[in-house]
Structures are given as structure tokens and as C-alpha cells.
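# Close look at the chain arrangement
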Amino acid sequence: MKSIKLVSGYEMPVLGIGTWGLIGEKCKEAVTTALKLGYTHIDTADYYHNHKEIGEVIKKFNRKKLFITTKVQGSGLDYDSVLKDCDKSLRELQTNYIDLYLIHWPNSSIQIEETLKAFKKLVKDKKVRSIGISNFSIRLMKEAIEKSEIPISVNQVEYHPYLNQEALLESCKEENVVLTAYSPLARGDILDDKLLKEITKKYNRTISQLVLRWLVQKRTVVIPKASSEAHIKENMDIFSWKISEEDMNKISSIDKRERVVNSSFSEFED
Ligand SMILES: NC(=O)c1ccc[n+]([C@@H]2O[C@H](COP(=O)([O-])OP(=O)(O)OC[C@H]3O[C@@H](n4cnc5c(N)ncnc54)[C@H](OP(=O)(O)O)[C@@H]3O)[C@@H](O)[C@H]2O)c1
């Protein structure tokens with residue numbers, strides 16, 4: 001699996017399996033299928049309530065080869081709650097470290113320094129390898145970077161052709177922060193797009209593959225959620241081919257400023 005080096009020094013696989021909405025047997029089946037097919041990166045969160053299922057699956061695989069991202073909820077960002085949440089996540093995931101620990105959502109009622117101090121302690125205690133943020137605007141990301149005593153490796157945000165956040169991506173690159181694109185398929189909304197369909201013909205690929213390739217070619221990490229084996233497999237075929245610059249630009253110009261997650265997001269925007 002292709003990976004990207006984080007500012008923390010660790011390698012992060014550029015394709016992961018998203019697990020929002022996957023619980024119980026469905027979650028275990030999808031994650032097992034993904035790992036068997038060669039995925040090494042799993043994206044979860046305390047909020048998804050599927051740590052236990054994921055823990056049961058990953059103990060059957062070589063932990064050293066896996067990259068687990070999880071997130072602390074935006075409602076529990078004070079120092080003690082973060083430490084407690086991390087211990088709970090470690091117990092549920094049946095592992096002794098988390099590869100990447102993210103602040104799930106910004107929370108203006110808690111000083112970011114306080115949360116980041118707890119993150120620093122988790123890294124010092126070797127419970128967490130790399131830290132990051134999620135759903136942070138450029139301004140909030142810069143504030144977090146300035147106030148953190150250890151490097152912020154990742155900002156995980158919604159990113160797909162209907163929400164092409166180029167300014168945020170450029171800012172991440174300038175700050176040496178890797179952008180992880182969540183909801184990369186816009187939860188299915190882009191799958192009937194006429195222009196995307198037209199472009200796929202040239203490459204003999206599906207719309208999902210085209211969009212995931214577009215994102216990877218923009219140097220983002222992608223975490224599509226898929227539950228069927230066919231989709232999980234299909235989403236892996238994004239590395240052995242390239243999209244021309246002209247088509248990259250065509251896809252980039254589709255942007256509709258359309259969010260599929262949290263339409264009240266504007267309250268966090270600059
Ligand atoms: N940090 C955050 O606040 C945040 C917010 C949202 C999401 N996320 C993360 O990002 C992950 C992905 O985002 P998402 O779950 O919102 O949406 P998504 O990955 O954009 O879309 C998932 C949908 O696309 C379908 N799909 C997947 N591969 C396909 C393919 N090859 N062909 C056709 N359909 C396909 C899936 O169907 P099937 O299930 O039937 O295969 C599912 O209905 C989440 O699971 C979560 O881990 C993070």
C-alpha cells in the first residue's frame with residue numbers, strides 16, 4: 001500500500017477504509033474483507049461506536065502492519081476527558097497504541113492548548129504515535145499548529161469534487177500537514193455525475209475510482225467507506241494509472257461548495 005510520510009516521522013497509507021455507519025457484524029465483515037484484500041489503514045472514531053468490532057478484527061492481523069486512526073469527540077476536549085477517552089479507545093480496540101489520534105470537531109468552549117497538552121502526554125506515554133485535527137478551517141488549523149508543542153500531522157476534512165477545498169489543501173501543504181479527504185465519494189452523490197461519467201470513458205475506470213485517483217493525485221489521503229467486497233476491491237485500483245492534467249482541472253472545476261456532512265459547518269469557517 002502506497003504511503004505518505006507525516007511530519008511526526010511515521011508513514012500513513014494513502015488509502016484507508018472509512019467505517020462511519022458500520023457497526024456489528026457488518027463492520028467486522030467489511031474491515032476483515034478490506035484487510036484481507038490488502039488495506040492497512042482503518043479510519044474510526046469514538047463517535048462511531050465500532051471500536052470493539054474493529055478491535056476483534058485487528059487482533060487477527062499483524063498490528064505492526066496496520067495504521068489505525070481514531071478521534072476524540074468534540075464534546076470531551078478537556079485534559080482529563082481526552083486522556084480517559086484515549087484509554088477507553090485503546091481498551092476497545094485491543095491495542096496498546098493508536099497510530100493517529102484526531103480532535104473530531106473543533107470546540108470553541110475549550111482552549112485548544114488544553115486538548116493539545118493532553119495529546120502531547122499521550123504521545124510521550126507512547127499511547128499515540130501522531131496527532132491531528134478534523135474539520136478545522138485554515139484559521140483554526142493555524143491556531144492549533146501555533147499552540148501545539150508537538151507537530152500536527154493531519155487535518156481530516158470533507159473533500160470531493162462537489163467540495164473542492166483547494167485553499168485549505170494549499171494551506172495544509174504549506175504547513176506540512178497531510179489532508180485526509182473524508183466522504184471522498186460525497187456519500188454516493190457524485191456517482192451519477194455526467195461530466196465524471198464522460199471522463200471515466202477515457203480511463204476505462206468507474207466514477208469512484210476516478211474521484212479517488214483525483215484525490216490521491218492531489219496528494220491527499222482517502223478513506224472511502226464501503227461495505228461490499230466489490231466496492232472495497234474497486235476502490236483499491238487507484239495507483240497504477242494517472243489522470244491527465246487537463247482532466248484533473250476539469251474535475252477540479254466541478255466544485256459546487258456542497259457539503260454532505262454537517263450543513264451548519266459554516267460556523268467553523270473563516
Ligand atoms: N472526520 C469526520 O468528521 C468525518 C465525517 C464523515 C466521514 N468521515 C470518515 O470518512 C469515511 C468515508 O466517508 P463517508 O462514509 O461519509 O462517505 P463516502 O466514503 O463518500 O461514501 C460511502 C458510500 O459510497 C458507497 N461506495 C463506496 N465505494 C463505492 C463504489 N466503488 N461504487 C459505488 N458506491 C460505493 C458506499 O456503499 P457501500 O457501503 O454499499 O459499499 C457508501 O454508501 C467515513 O466512513 C468516516 O470514516 C469522517
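Right above here is the structure, for reference.
Residues numbered from 1 in each chain as written. Predicted model: local features only at pLDDT ≥ 70, side-chain atom pairs only at ≥ 80, totals over all residues. Heavy atoms only, no water.

## A short note on the site of the ligand
Of all residues adjacent to the ligand, which total 29 residues, the nearest are Asp 43, Ser 183, Arg 187, Ser 227 and His 231. For the ligand, an oxygen atom lies 2.6 Å from a polar atom in the side chain of Asp 43. Contacts to the ligand include His 231, whose side-chain N or O atom sits 2.7 Å from an oxygen atom. Across the complex, the protein chains shield 88% of the 910 Å² of accessible surface that the ligand would expose by itself. Among the detected pockets, the ligand sits in the largest pocket. (Near = heavy atom within 4 Å. Polar contact = N/O pair within 3.5 Å; in protein donor to acceptor, adjacent residues only side chain to side chain. Areas by Shrake-Rupley, 256 points an atom, 1.4 Å probe, with all protein chains shown as cover. 1 Å grid on protein atoms, 1.4 Å probe; cavity = no way out; pocket = protein on both sides within 12 Å on 5 of 7 lines; lining within 4 Å. Sits in = over half its atoms within 2 Å of the grid points.)

## Remarks on the layout of surface pockets
Quantified by volume, the largest pocket comes out at close to 800 Å³. Of all the secondary structure elements, the ones that give two or more residues to the lining of the largest pocket are helix 8 (207–217) and helix 9 (229–234). A breakdown of the residues in the lining of the largest pocket according to their chemical character gives 14 nonpolar, 17 polar and 5 charged. (Points joined across faces, edges and corners; volume = space filled by probe spheres on them. Helix = DSSP H or I, 4+ residues; strand = E, 2+ residues; numbered from the N terminus. Nonpolar A, V, L, I, M, F, W, Y, C, P; charged D, E, K, R; others polar.)

## A look at the environment of Leu 100
Along the chain, the position of Leu 100 falls in strand 6 (residues 98–103). Along the primary structure Leu 100 and Cys 172 are separated by 72 residues, whereas in three dimensions their C-alpha atoms are 17 Å apart. The residues contacting Leu 100, other than those within four sequence positions of it, are Met 12, Phe 67, Ile 68, Thr 69, Thr 70, Ser 130, Ile 131, Gly 132 and Val 154. (Contact = heavy atoms within 4.5 Å.)

## Points about the pairing of strand 9 (residues 178–182)
Taken across its 5 residues, strand 9 has 5 buried, putting it largely inside the fold. Burial of strand 9 is two-sided: the residues Val 178, Thr 180 and Tyr 182 facing one way and the residues Leu 179 and Ala 181 facing the other way are all buried. Where strand 8 (residues 152–158) meets strand 9, 5 bridges bridge the pair, whose relative direction is parallel. Bridged to Val 154 within strand 9 is Val 178. Bridging between strand 9 and strand 10 (residues 221–222) involves 2 bridges; their strand directions are parallel. From the neighbouring strand, Ala 181 faces strand 10, where its bridge partner is Val 222. (Buried < 20%, exposed > 50% of the residue type's maximum accessible area, 1.4 Å probe, protein only. Pairing = 2+ DSSP bridges.)

## Examining the state of the cysteines
One pass over the structure, following the stated rule, counts 0 disulfides. Sulfur of Cys 27: no disulfide; nearest cysteine sulfur belongs to Cys 86 and is 19 Å away. With relative accessibility at 0%, the residue Cys 27 sits in the buried group. In this structure Cys 86 comes out as buried when scored by relative accessible area, which is 0%. (Disulfide = S-S within 2.5 Å.)

## Focus on the packing of aromatic side chains
The geometry of an aromatic ring pair is captured by the separation of the ring centres together with the interplanar angle, meaning the angle of the planes. For the structure on display, the rule yields 3 aromatic pairs. Arg 129 extends its terminal NZ or CZ atom over the ring of Tyr 97, reaching a point 4.1 Å from the ring centre. Positioned above the aromatic ring of Tyr 162, the side-chain terminus of Lys 256 is 4.1 Å from the ring centre. (Phe/Tyr/Trp six-rings, centres within 6.5 Å; stacked < 30°, edge-to-face > 60°. Lys NZ or Arg CZ within 6 Å of the ring centre and 35° of its normal.)

## A closer look at helix 2 (residues 51–58)
With respect to burial, helix 2 is a largely interior element, 6 of its 8 residues being buried. Those residues of helix 2 lying buried are His 51, Glu 53, Ile 54, Gly 55, Val 57 and Ile 58. Where the residues of helix 2 are buried, they touch helix 1 (24–37), strand 4 (41–43), strand 5 (67–72) and helix 3 (79–93).

## Notes on the sheet that holds strand 6
Reading across from one edge, 3-4-5-6-7-8-9-10 is the order of the 8 strands in this open sheet, with parallel pairing throughout. The open sheet has two edge strands with one neighbour each: strand 3 (17–18) and strand 10. Pairing geometry for strand 5 and strand 6, over 4 bridges, is parallel. Residue Val 72 lies in a different strand from strand 6, and its bridge partner there is Ile 103.

## Considering the pairing of strand 6
Taken across its 6 residues, strand 6 has 6 buried, putting it largely inside the fold. Taken together, strand 5, helix 3 and strand 6 form a β-α-β motif whose crossover is right-handed. As paired strands, strand 6 and strand 7 (residues 128–134) are joined by 5 bridges and run parallel to one another. Looking at strand 7, one finds that Ile 103 is bridged to Ile 133. Taking the sense of rotation as the criterion, the β-α-β connection linking strand 6, helix 4 (residues 112–124) and strand 7 turns out right-handed. (Right-handed = clockwise from strand over helix to strand, strands pointing away.)

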